[in-house]
Amino acid sequence: MKLVLTEFVTLDGVYQGPGSPTEDTSDGFTRGGWLVPYMDEVFVRRAAEWLRSADGLVLGRRTYEAFARDWPAITDPDDPFTELMNSLPKYVVSTSLGEGGWGPVTVLRSLGAVAELKGRPGSELQVHGSGRLGRALFRAGLIDGVRLVVAPTVVGAGRRLFDGSGETAGLRLTQHEATPGGLLLLEYEAVGAAPVGEYGGVASLI
């Protein structure tokens, strides 16, 4: 199976607390809810399509516990995400979580266990939120693709998806779309280490 990292981020790379000011206030973060003003029908439709392609969710402990708190409480029958989020298999990469109560759930104790999971038959595993886990999976060469929803806002604080640590990563843009609300929906394929070059003038580019 492919492993795809799906993240909502600001222009300054923050992924913390996109859905509510109270969603994730850890480390004193008070600027959550930054995605909501830009959400629209196109975003919801595309995000639902992405989720329907998942055979399972790979999550860090912090994200798993937040999702386990919030998703079972959503009862809107028209919400296109709730049934899938609550029913999809969850694989939590954690050395501290005992038994998860929001299932079906399997606790994985190492990144090696994620690599083994990828070897099973299926289409796609998705990492949602879980930025620290996402970075670790990048460093281990386990991420096959990235989906970013970029909000046109700068929040100036909060946990950033890529924090300047780790190895380089090259990505190839495979799909892109701008929603009426101003979100950029970007899909990338991982292609190994980031390429570099030296600019030799316009003539070298055409």
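Computed from a prediction, not measured in an experiment: that's the story for all the values here.

Could you give an account of the packing of aromatic side chains, with specific residues and numbers?
Counting across every chain of the model gives four aromatic pairs. Between the aromatic rings of tyrosine 64 and tryptophan 102, the centroid separation amounts to 5.8 Å while the plane-to-plane angle is 40°, which identifies the pairing as tilted. Taken as a pair, tyrosine 64 in helix H2 (residues 61-70) and tryptophan 102 in the loop between strand S3 (90-93) and strand S4 (105-108) lie far apart in primary sequence, 38 residues in all. With 6.4 Å between their ring centres and 90° between their planes, phenylalanine 67 and tryptophan 102 make a pair best called edge-to-face. Of this pair, phenylalanine 67 sits in helix H2 while tryptophan 102 is found in the loop between S3 and S4, placing the two residues 35 residues apart along the sequence. Taking the relative accessible area as the measure of exposure, phenylalanine 67 reaches 16% and is therefore buried. When its relative accessible area of 6% is taken as the criterion, tryptophan 102 is described as buried. Among the aromatic side chains, those forming a connected cluster through ring pairs are Tyr64, Phe67 and Trp102. When the ring centre of tryptophan 102 is taken as reference, the NZ or CZ atom of lysine 90 above it lies at 4.1 Å.

Describe in detail the UniProt feature "domain: Bacterial bifunctional deaminase-reductase C-terminal" (unreviewed entry) in the chain, supporting the description with residues and values.
Summarizing the sequence annotation, UniProt attributes the feature "domain: Bacterial bifunctional deaminase-reductase C-terminal" (unreviewed entry) to residues 2-184 in the numbering used throughout. When the span residues 2-184 is considered, its composition is 25% helix and 23% strand, and the gap between its end C-alpha atoms is 23 Å.

Cut-off values and rules
Position numbers for residues count from 1 along each chain, tracking the sequence in the order it is written. Per-residue local features of the predicted model are confined to residues with pLDDT of at least 70, and side-chain atom pairs are confined, for both listing and counting, to 80 or more; whole-chain, interface and lining totals are unaffected and use all residues. Where side-chain values are given, they derive from all heavy atoms of the structure, hydrogens and water being excluded. Two rings belonging to Phe, Tyr or Trp (six-membered ring only in the last case) form a pair when the distance between their centres is within 6.5 Å. Interplanar angles under 30 degrees mark stacking, angles over 60 mark edge-to-face geometry, and anything in between is tilted. Secondary structure elements follow DSSP: runs of H or I of four or more residues count as helices, runs of E of two or more count as strands, with numbering from the N terminus. In this scheme, a residue with accessible area under 20% of its type's maximum is buried, one over 50% is exposed, and one in between is partly exposed, where area comes from a 1.4 Å probe on protein chains only. Consider the ring centre and the ring normal. A charge sits over the ring if Lys NZ or Arg CZ is within 6 Å of that centre and within 35 degrees of that normal. UniProt positions are given in the numbering used here, feature names are shortened, and annotations may be inferred rather than shown by experiment.

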